[in-house]
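# What the coordinates show
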Amino acid sequence: MFESLKDLSLAEFLQDQSSQVGPASDPQGFKRQEAIWELFTSECVYFLDQLMVLKEVFSATLTNLQVRHCLADVDSWRLFANLNELCLVSFGFLNNLLRAIKDTLEITHGGGSTLPELLSKAFQESLCHCLQKYCLNYSTALLYLDSLKPREDFGSYVKWCERNEQCRRLQLRDLLVAPLQRLTRYPLLLRNIAKRCPREDEAAGLQVITEQVDTSICDLEGKVKWLDNYQKVKQLRDALVWLPVWERDKRAFVPENLKHLLKAVTLENLISHRSLLHEGKVMLSENTKLIDVYLFLFDEFLLITKIKRNKKRSIGPEQNPLRMPQNLELDQLLKDGCTFVVLDQPVSLDRIQLKNIDQLNASASGLPHSFIIMHQNRYQQCIGAFILQAASEAAKRAWMSTIEGAVTALLASPQPRVKSSSLWLESSQI
């Protein structure tokens with residue numbers, strides 16, 4: 001039924017239904033109906049060309065293969081999540097929406113919910129909740145898909161499905177993202193309907209529904225950010241290497257027979273439940289030469305680490321493709337099995353002082369785009385200084401402003417550990 005309707009214009013649908021309603025009889029009302037029809041036809045395309053293709057071509061084929069003991073170890077839920085639920089919800093929404101459209105156009109005798117009631121119930125009770133559940137699994141689905149791609153049997157399954165004419169040259173990855181795109185399009189479609197409503201009360205009701213969908217999207221973004229941070233920190237925890245004191249500080253000589261007395265404190269959980277605010281590669285000036293280091297700025301401290309590349313590649317299951325492009329460098333390093341050796345102790349943000357190296361001094365020292373991080377103890381004594389060189393002036397400013405913001409946020413917390421001190425100092429003041 002929906003297949004024959006998805007490509008029809010409203011005028012063609014009305015003609016097919018032998019309806020007397022048209023643009024001539026009520027131009028403003030017809031524009032409103034066109035906006036509603038756009039919501040309906042776009043939902044048809046989403047349901048038939050994306051959800052049902054995922055279900056009938058990819059999911060059903062995988063199920064049939066697993067019945068025959070092929071790809072038995074592939075977890076269907078990790079790939080498709082609540083796809084069946086999405087199909088049922090979208091199908092129900094289409095049926096109710098078509099009934100409401102026919103009632104509004106007086107093609108049927110009514111008896112169903114009005115359009116505002118239908119939309120309010122659909123978005124509050126099922127659509128947003130169901131889509132949120134899928135979207136939260138989307139990151140994991142792509143990661144799982146990437147981890148399965150090297151397998152010849154799985155690759156053959158995907159290629160066979162993608163050659164199906166129902167896919168219309170769309171790949172599995174293109175179809176998996178469809179529910180996310182659909183969720184973000186709903187507010188636009190609802191606003192389009194509200195703008196064309198002649199009655200103020202109906203327009204106001206639709207605006208409330210639109211705001212609820214917007215709130216749902218914002219709530220989802222918050223959950224995705226939290227999940228992204230959790231996954232990053234979880235994987236990073238296993239990649240950090242904490243050196244014992246006699247390796248970290250060459251002056252700290254400890255005889256071999258006494259090392260067992262200096263039991264290393266387990267620091268793997270130090271970054272657990274922390275927020276990773278910023279990370280990236282910079283250069284560290286060390287013994288008249290520059291070395292690559294990787295900085296991790298958490299909400300309470302800064303880690304300066306040296307990248308240790310391992311010959312054995314390891315595809316990390318927790319990398320997150322939803323992150324911003326500038327963070328993909330860390331994903332690649334983790335994917336390559338790199339570890340990060342912590343060069344010094346964590347630099348607590350309430351013991352940090354930033355010093356900007358101006359262009360004059362930067363040119364004289366041959367260190368463009370550089371700044372200094374000073375680590376102070378509780379007596380304001382400098383116990384560590386790190387001259388860092390960013391890739392550009394903009395990158396340097398980004399690092400300095402982000403660190404400054406993190407320090408300000410920490411000091412503004414209910415129980416700041418120390419009073420604020422000067423953060424930005426020019427090199428002429430050093």
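Just so you know, the residues in each chain are numbered from 1, in the order the chain's sequence is written. Given that this is a predicted model, residues contribute local features only at a pLDDT of at least 70 and side-chain atom pairs are listed and counted only at 80 or more, while totals for whole chains, interfaces and linings are drawn from all residues. With hydrogens and water stripped out, all remaining heavy atoms of the structure feed into the side-chain values.

As annotated in an unreviewed UniProt entry, the protein chain carries the name Pleckstrin homology domain containing, family G (with RhoGef domain) member 7 and is attributed to Gasterosteus aculeatus aculeatus.

## Digging into the packing of helix H5 (residues 115-148) against helix H9 (residues 200-239)
Note the threshold: Angles shown run from 0 to 180 degrees and are taken between the N-to-C directions of axes, each axis being a line fitted to C-alpha atoms and, for helices, limited to the stretch in contact. By definition, any uninterrupted DSSP run of H or I lasting at least four residues is a helix, any uninterrupted run of E lasting at least two residues is a strand, and each is numbered from the N terminus. Should an angle lie under 35 degrees it is considered roughly parallel, over 145 roughly antiparallel, and from 65 to 115 roughly perpendicular; all remaining angles are considered oblique. Here a crossing is taken to be left-handed if its near helix is turned anticlockwise relative to the far helix by less than a right angle, and right-handed if that turn runs clockwise. Two residues form a contact once any of their heavy atoms are found within 4.5 Å. Throughout this entry, Asp, Glu, Lys and Arg are counted as charged residues, while Ala, Val, Leu, Ile, Met, Phe, Trp, Tyr, Cys and Pro are counted as nonpolar. The remaining residues, Gly among them, count as polar.
In contact at an axis separation of 10 Å, H5 and H9 are set at 15° when each is read in the N-to-C sense. In terms of orientation, H5 lies roughly parallel with respect to H9. At the point where H5 passes H9, the crossing takes the right-handed sense. Across from Pro116, Leu119, Ser120, Phe123, Gln124, Cys128, Gln132, Cys135, Leu136, Ser139 and Thr140 in H5, the residues of H9 making contact are Glu202, Leu206, Ile209, Gln212, Val213, Ser216, Asp219, Leu220, Lys223, Val224, Leu227 and Gln231. Taken together, the residues of the contact of H5 with H9 sort by class into 12 nonpolar, 8 polar and 3 charged.

## Regarding the pattern of salt bridges
As a reminder, the rule being used: For this analysis, a salt bridge means a side-chain nitrogen from Lys or Arg found within 4 Å of a carboxyl oxygen belonging to Asp or Glu. With a 1.4 Å probe rolled over the protein chains alone, any residue whose accessible area is under 20% of its type maximum counts as buried; one over 50% counts as exposed, and the rest are partly exposed.
For the coordinates displayed, the defined rule picks out 18 salt bridges. Put simply, Asp214 and Arg191 hold a salt bridge, and the shortest N to O gap is 2.3 Å. Of this pair, Asp214 sits in helix H9 while Arg191 sits in helix H8 (residues 178-195); the two residues are 23 residues apart in sequence, bridging distant segments of the chain. By relative accessible area, which is 22% here, Asp214 ends up partly exposed.

## Structural notes on the pairing of strand S3 (residues 289-298)
Inclusion rule: Note on pairing: two strands pair once DSSP finds at least 2 bridges between them.
When you tally the buried positions in S3, you get 7 out of 10 residues, the bulk of the element. With 10 bridges joining them, strand S2 (residues 276-286) and S3 adopt antiparallel strand pairing. Residue pairing in the sheet places Lys281 in a bridge with Tyr294 of S3. The antiparallel hairpin formed by S2 and S3 contains 2 residues in its connecting segment, where Asn287 sits at a positive phi of about 55°. Alignment of S3 against strand S4 (residues 301-308), held across 4 bridges, turns out to be antiparallel. Within S4, the residue paired with Phe296 across the bridge is Leu303. From the end of S3 to the start of S4, which pair antiparallel, there are 2 residues.

## Points about the pairing of S4
Counted residue by residue, S4 has 6 buried out of 8 residues, so it is predominantly covered. With 2 bridges joining them, S4 and strand S6 (residues 347-348) adopt antiparallel strand pairing. Looking across to S6, one finds that Leu302 is bridged to Val347. Of the strand pairs in this sheet, S4 and strand S5 (residues 339-342) are connected by 4 bridges, and their pairing is antiparallel. Bridging across to S5, Ile307 finds its partner in Phe340.

## Remarks on the nonpolar core
Most often, soluble globular proteins have nonpolar side chains that are buried together. Operational definition: To qualify as a nonpolar core, a set must consist of buried Ala, Val, Leu, Ile, Met, Phe, Trp, Tyr and Cys residues joined through side-chain atoms within 4.5 Å.
Counting 77 residues, the largest nonpolar core has Phe40, Phe58, Phe80 and Phe123 as the members making the most contacts within it. Per-element tally for this core: the top contributor is helix H2 (residues 27-67), with 17 residues. Aside from chain neighbours lying at most four places away, what touches Phe40 is Phe2, Leu5, Leu94, Leu97, Leu98 and Ile101. Counting residues in each nonpolar core, the second largest holds 23 residues, with Leu295, Phe371, Leu388 and Met400 among its members.

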